[in-house]
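Listed below are the residues making up each chain.
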Amino acid sequence: MRVTQFMLANNMLRNLSNSYERLGKYQEQLVTGKKISRPSDDPVVAMKGIAYREDLARVKQYQRNIGEVHNWIDSADDALDKAGLALQRVQELVVQASTDTATPEDRKKIADEIEQIQKHIVDVANTKVGGKYIFNGADTKNPLFIGYPGEMGFAVNGNQSDVEIEVFDGIKLDVNIDGKTLFTGIIGMLDNLKTVLNDPNSTGNTISSHLSQVEAQQDALLAARSELGAKQNRVEMMENRLSTQEVIATKLMSNNEDIEYEKTITDLITQESVHRVALSVGARIIQPTLVDFLR
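An unreviewed UniProt entry lists the chain under the name Flagellar hook-associated protein FlgL, with Parageobacillus thermoglucosidasius as the source organism.

Written out as structure tokens, the structure reads:
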């Protein structure tokens, strides 16, 4: 086959074009730090990258869910702590009222303070977090109590369903406690106390006998806080597991997509050398012109 000057020039231009393309590829990889910039560069890497990104996004969503779980449990524990302090004050008042030196007027004043504590307990039971009532089961849009005891229209909603939040694939944690059982027990105990304290015929022994009821409600409160503590421990274990999963997913995605800088820089330098050689050879091929022959 006869090789013409035109064929040599075309081959040179094609080789130079391919060389420029490879140089551009290495420069783009160094700028972006990624092996590919479009799926057509390497469909296998692109498909794996999508899968790893989905895994990482799912882990990050579970981590946000864990934050919501912390919010529920921490808020519930804080509310129960306030209820516990209120019951402690009730206990002190019962002891004070059970002394024989306390007059009916004194006990009436103590009953008034217990009534205010009872309203405080109702407010605690109707605690909202992020616009949701945390002690009314799955019915988070409505409060556990409507109004205050003794008032017209006072009612208990009392949803006892679990509130579950997904924290991993197929794993859901219930983040609430049975608020109805706990708080209706406390409210009922305080109702009984008010009745006894407002009765002028009540004796010190009669009133002191209610101390066991107060202690029973304190025990119920501690049991609820213990339940929250156990849930908190499990949440922390899930949080650690998610942190590990995030590291693994990020590492897999990096191994799949990220370039090795030392290798890419070496490839770029090698390609630059090849490109200079191609330019040198090309200059020798196309150097002769009509003017050169006429001289």
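Scanning the chain for helices and strands turns up eight helices and six strands. In the chain, the succession of α and β elements from N to C terminus is α-α-α-β-β-β-β-β-β-α-α-α-α-α. Computed over C-alpha atoms, the radius of gyration of the chain comes to 38 Å, more than 25% over the 19 Å expected from 2.2 N^0.38 for 295 residues, which places it beyond the range of a compact globule. With the principal axes as the frame, the chain shows a C-alpha extent of 135 × 35 × 30 Å. Taken over 295 residues, the chain has a buried fraction of 35%. A separation of at least 24 residues holds for 72% of the contacts in the chain among residues at least 6 apart in sequence. By element, 54% of the accessible surface of the chain is carried by carbon and sulfur atoms, the whole surface being about 17200 Å². Distance between charge centres in the chain, computed from 33 positive and 42 negative side chains, equals 14 Å.

Moving on, we get to the packing of aromatic side chains. A full pass over the atoms with the stated rule returns three aromatic pairs. Taking the centre distance of 5.9 Å and the plane angle of 35° together, the rings of Tyr62 and Phe168 count as tilted. Of the two residues, Tyr62 sits in helix α2 (residues 43-97) while Phe168 sits in strand β5 (residues 164-168), which places them 106 residues apart along the sequence. The aromatic ring of Phe168 is capped on one face by Arg241, whose charged end is 4.3 Å from the ring centroid.

Helix-helix packing: each pair is described by the crossing angle between the helix axes and the interaxial distance. Helix α4 (residues 179-198) packs onto α2 with a crossing angle of 20° between their chain directions and a minimal axis gap of 12 Å. With respect to each other, α2 and α4 are oriented roughly parallel. Viewed along their axes, α2 and α4 form a crossing whose handedness is left-handed. Each of Leu80, Ala83, Leu87, Val90, Val94 and Ala97 in α2 lies in contact with α4, whose residues at this interface are Leu182, Phe183, Ile186, Met189, Leu190, Leu193 and Leu197. When the residues that make up the contact of α2 with α4 are grouped by side-chain class, the tally is 13 nonpolar, no polar and no charged.

As recorded in UniProt, the sites labelled "domain: Flagellin N-terminal" (unreviewed entry) are residues 6-139. Along residues 6-139 one finds 78% helix and 3% strand; the C-alpha atoms at either end are 83 Å apart.

In a regular helix each residue adds 1.5 Å, so 22 residues correspond to 32 Å; helix α3 (residues 104-125) covers 31 Å between its end C-alpha atoms and thus fits that length. Taken residue by residue, α3 has Arg107, Ile110, Ala111, Ile114, Ile117, Gln118, Ile121, Val122, Val124 and Ala125 as its buried positions. When α3 is viewed along its axis, its buried side chains cluster within an angular range of 150° and face the same direction. In α3, the exposed positions that point more than 90 degrees away from the buried face belong to Glu105 and Lys109. Buried residues along α3 sit in contact with α2, β3 (145-146), α4 and α5 (204-208).

Further remarks concern the environment of Arg58. Tracing the backbone shows Arg58 in helix α2. A relative accessible area of 34% places Arg58 in the partly exposed class. Expressed as a C-alpha distance, the spacing of Arg58 and Asp169, which sit 111 residues apart in the sequence, is 9.0 Å. Side chain to side chain, Arg58 and Asp55 meet in a polar contact 2.9 Å long. Here the side chain of Arg58 touches Asp169 through a polar contact of 3.4 Å, side chain to side chain.

This paragraph deals with the nonpolar core. Counting residues in hydrophobic clusters, the biggest one holds 55 residues, and the most contacted among them are Leu80, Ile121, Phe135 and Phe183. Secondary structure elements with two or more residues in this core: α2, α3, β5, β6 (171-174), α4 and α6 (211-257). For this core, the leading source of residues is α2, giving 16 residues. When residues no more than four places from it in sequence are discounted, the contact partners of Phe183 are Leu80, Ala83, Ile121, Val124, Ala125, Phe135, Leu144 and Phe145.

Conventions used here
Residues numbered from 1 in each chain as written. Predicted model: local features only at pLDDT ≥ 70, side-chain atom pairs only at ≥ 80, totals over all residues. Heavy atoms only, no water. Helix = DSSP H or I, 4+ residues; strand = E, 2+ residues; numbered from the N terminus. Rg over C-alpha atoms; globule rule 2.2 N^0.38 Å. Buried < 20%, exposed > 50% of the residue type's maximum accessible area, 1.4 Å probe, protein only. Contact = heavy atoms within 4.5 Å. Areas by Shrake-Rupley, 256 points an atom, 1.4 Å probe, with all protein chains shown as cover. Lys, Arg positive; Asp, Glu negative; His and termini not counted. Charge placed at Lys NZ, Arg CZ, Asp CG, Glu CD. Phe/Tyr/Trp six-rings, centres within 6.5 Å; stacked < 30°, edge-to-face > 60°. Lys NZ or Arg CZ within 6 Å of the ring centre and 35° of its normal. Axes fitted to C-alpha atoms, helices over the stretch in contact; angles between N-to-C directions. Parallel < 35°, antiparallel > 145°, perpendicular 65-115°, else oblique. Left-handed = near helix turned anticlockwise from the far one by under 90°. Nonpolar A, V, L, I, M, F, W, Y, C, P; charged D, E, K, R; others polar. UniProt positions renumbered as here; feature names shortened; annotations may be inferred. Expected span 1.5 Å × (residues − 1). Arc of directions from axis to C-beta. Polar contact = N/O pair within 3.5 Å; in protein donor to acceptor, adjacent residues only side chain to side chain. Core = buried A, V, L, I, M, F, W, Y, C linked by side-chain atoms within 4.5 Å.

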